[in-house]
Amino acid sequence: MTLSAFDQFLSPTLLGIPLIALALILPWPLYPTPQPAPLHRWLANRLLSFQNWFINWIISQVILPLNPGGHKWAALLISLIIFIITLNILGLLPYTFTPTTQLSLSLGLAFPLWLATVILGIRNQPTEALAHLLPKGTPTLLIPVLIVIETISVFIRPLSLGVRLTANLTAGHLLIQLISSAVLVMLLQASPIAIPTMVILFFLTLLETAVAVIQAYVFVLLLSLYLQENI
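Reading the values: the criteria
Residues numbered from 1 in each chain as written. Predicted model: local features only at pLDDT ≥ 70, side-chain atom pairs only at ≥ 80, totals over all residues. Heavy atoms only, no water. Axes fitted to C-alpha atoms, helices over the stretch in contact; angles between N-to-C directions. Helix = DSSP H or I, 4+ residues; strand = E, 2+ residues; numbered from the N terminus. Parallel < 35°, antiparallel > 145°, perpendicular 65-115°, else oblique. Contact = heavy atoms within 4.5 Å. Nonpolar A, V, L, I, M, F, W, Y, C, P; charged D, E, K, R; others polar. Left-handed = near helix turned anticlockwise from the far one by under 90°. Expected span 1.5 Å × (residues − 1). Buried < 20%, exposed > 50% of the residue type's maximum accessible area, 1.4 Å probe, protein only. Arc of directions from axis to C-beta. Core = buried A, V, L, I, M, F, W, Y, C linked by side-chain atoms within 4.5 Å. Phe/Tyr/Trp six-rings, centres within 6.5 Å; stacked < 30°, edge-to-face > 60°. Salt bridge = Lys/Arg side-chain N within 4 Å of Asp/Glu carboxyl O. Patch = residues over 30% accessible without salt bridge, like charges linked within 9 Å, V, L, I, M, F, W, Y side chains within 5 Å. Areas by Shrake-Rupley, 256 points an atom, 1.4 Å probe, with all protein chains shown as cover.

*Asks:* Help me out: how do you make sense of the packing of helix 2 (residues 46-63) against helix 8 (residues 194-229) in this one?
*Replies:* Packed helix pairs are characterised by how far apart their axes lie and by the angle those axes make with each other. Relative orientation of the contacting elements helix 2 and helix 8 amounts to 40 degrees, with a least axis distance of 10 Å. Overall, the two elements helix 2 and helix 8 adopt an arrangement that is oblique. Across the interface between the two elements, Trp57, Gln61 and Val62 from helix 2 touch Tyr217, Val220 and Ser224 from helix 8. In terms of residue class, the contact of helix 2 with helix 8 is made up of four nonpolar, two polar and no charged.

*Asks:* What is the right way to look at the packing of helix 4 (residues 103-124) against helix 8 in this model?
*Replies:* Where helix 4 meets helix 8, the closest approach of the two axes is 9 Å, and the angle between their N-to-C directions is 20 degrees. Classified by the angle between their axes, helix 4 and helix 8 sit roughly parallel to one another. Crossing geometry of helix 4 relative to helix 8 is assigned as right-handed. Touching Leu109, Ala110, Leu113, Trp114, Thr117 and Leu120 of helix 4 are Phe219, Leu223, Tyr226 and Leu227, all from helix 8.

*Asks:* Help me understand helix 2, please; the structure alone is not making it clear to me.
*Replies:* An α-helical turn contains 3.6 residues, so any two residues separated by three or four positions project in the same direction. In a regular helix each residue adds 1.5 Å, so 18 residues correspond to 26 Å; helix 2 covers 24 Å between its end C-alpha atoms and thus fits that length. Along helix 2, the residues classified as buried are Leu48, Gln51, Phe54, Ile58, Val62 and Ile63. All buried residues of helix 2 lie within an arc of 120 degrees about the axis, which places them on one face of the element. Those residues of helix 2 that are exposed and angled more than 90 degrees off the buried face are Arg46 and Phe50. Elements in contact with the buried residues of helix 2: helix 3 (74-90) and helix 8.

*Asks:* Which parts of the structure should I look at to understand the nonpolar core?
*Replies:* One recurring pattern in soluble globular proteins is that nonpolar side chains are buried together. Residues Ile58, Leu77, Leu80, Ile81, Ile84, Phe219 and Val220 are the most contacted members of the largest nonpolar core, which totals 30 residues. Put simply, the parts of the chain that give this core at least two residues each are helix 2, helix 3, helix 4, helix 7 (157-188) and helix 8. Sorting elements by how many residues they give to this core places helix 3 first, with eight residues. Setting aside residues no more than four positions away along its own chain, Val220 makes contact with Val62, Leu77, Leu80 and Ile81.

*Asks:* Please explain the packing of aromatic side chains as it appears in this structure.
*Replies:* Each aromatic ring pair is summarised here by two numbers: the centre-to-centre distance and the angle between the ring planes. A complete count under the given rule lists seven aromatic pairs for this structure. Measuring from ring centre to ring centre gives 5.6 Å for Trp57 and Tyr217, while their planes differ by 40 degrees; the resulting arrangement is tilted. A residue pair is termed long-range when its members are at least 10 positions apart, and Trp57 in helix 2 and Tyr217 in helix 8 qualify at 160 residues. By relative accessible area, Trp57 is classed as partly exposed at 32%. Ring pairing ties together the aromatic residues Phe50, Trp53, Phe54, Trp57 and Tyr217, which thus form one cluster.

*Asks:* Would you mind showing me how to read the pattern of salt bridges here?
*Replies:* Side chains that differ in charge, positive against negative, can pair when their charged atoms come close. On inspection of all chains with the given rule, the structure shows one salt bridge. Notably, a salt bridge pairs Glu229 with Arg157, separated by 3.1 Å at the nearest N-O pair. Of the two residues, Glu229 is situated in helix 8 and Arg157 in helix 7; the sequence distance between them amounts to 72 residues. Judged by its relative accessible area of 32%, Glu229 is partly exposed.

*Asks:* Could you clarify how one ought to interpret a nonpolar patch on the surface in this entry?
*Replies:* A surface patch of nonpolar side chains, amounting to about 690 Å² of accessible area, comprises Leu187, Ile195, Met198, Val199, Phe202, Phe203 and Leu206. A per-element tally of the nonpolar patch places helix 8 first, with six residues. Mapped onto the elements, Leu206 comes out in helix 8. Overall, Leu206 belongs to the partly exposed group, its relative accessible area being 45%.

*Asks:* Would you explain the side chain of Gln215 in this entry?
*Replies:* Take Gln215: it is sitting in helix 8. Apart from residues no more than four positions distant in its own chain, Gln215 is found in contact with Arg164, Leu165 and Asn168.

So, in structure tokens, the structure goes:
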């Protein structure tokens with residue numbers, strides 16, 4: 001049976017049971033938690049210090065620009081960006097699986113969160129929420145067309161969130177897989193082109209690591225912008 005390069009994006013199974021659930025649960029034990037008061041130490045370790053710095057950076061970049069009503073979403077947004085970053089980076093390790101390359105998972109994250117922002121806007125400020133469908137000063141003849149266009153643009157937001165995350169990660173993983181396969185073949189043939197190709201593969205891996213972090217940040221940032229419009 002000839003394997004496809006896209007087989008790496010199939011969810012692995014054990015005894016017919018998909019292991020995507022295990023991949024979703026695995027990241028959480030990797031993060032340290034501060035010890036309770038009787039057992040806490042005066043100095044935190046480097047990992048805990050970096051985690052606290054990263055959380056503070058997320059708060060300053062994503063949470064603080066929101067209106068005070070959006071600060072209630074801080075714990076959710078911080079947990080979401082850490083969760084997606086961990087899944088993306090762990091997926092770069094050999095013999096691992098990246099759940100975010102599954103469109104069903106990306107849409108499963110994007111659609112409920114987007115829908116929550118829409119419901120929040122309709123409940124708290126229905127007039128302003130509906131006003132987004134029609135820009136001020138629109139000519140009368142263009143009102144029906146613009147309402148349809150703006151409505152489609154609103155409903156396409158969760159699709160763009162999920163597809164952007166999945167497409168970027170899938171493209172990067174597929175490119176790494178193709179180049180690494182070429183490097184292996186050239187090494188077996190003792191080709192002199194193998195060394196520069198390995199250098200390209202190294203820098204591509206660094207780029208894909210950056211993409212894994214950036215895509216998680218963009219996902220949460222866009223979600224925060226949708227939230228800002230509805231609070």
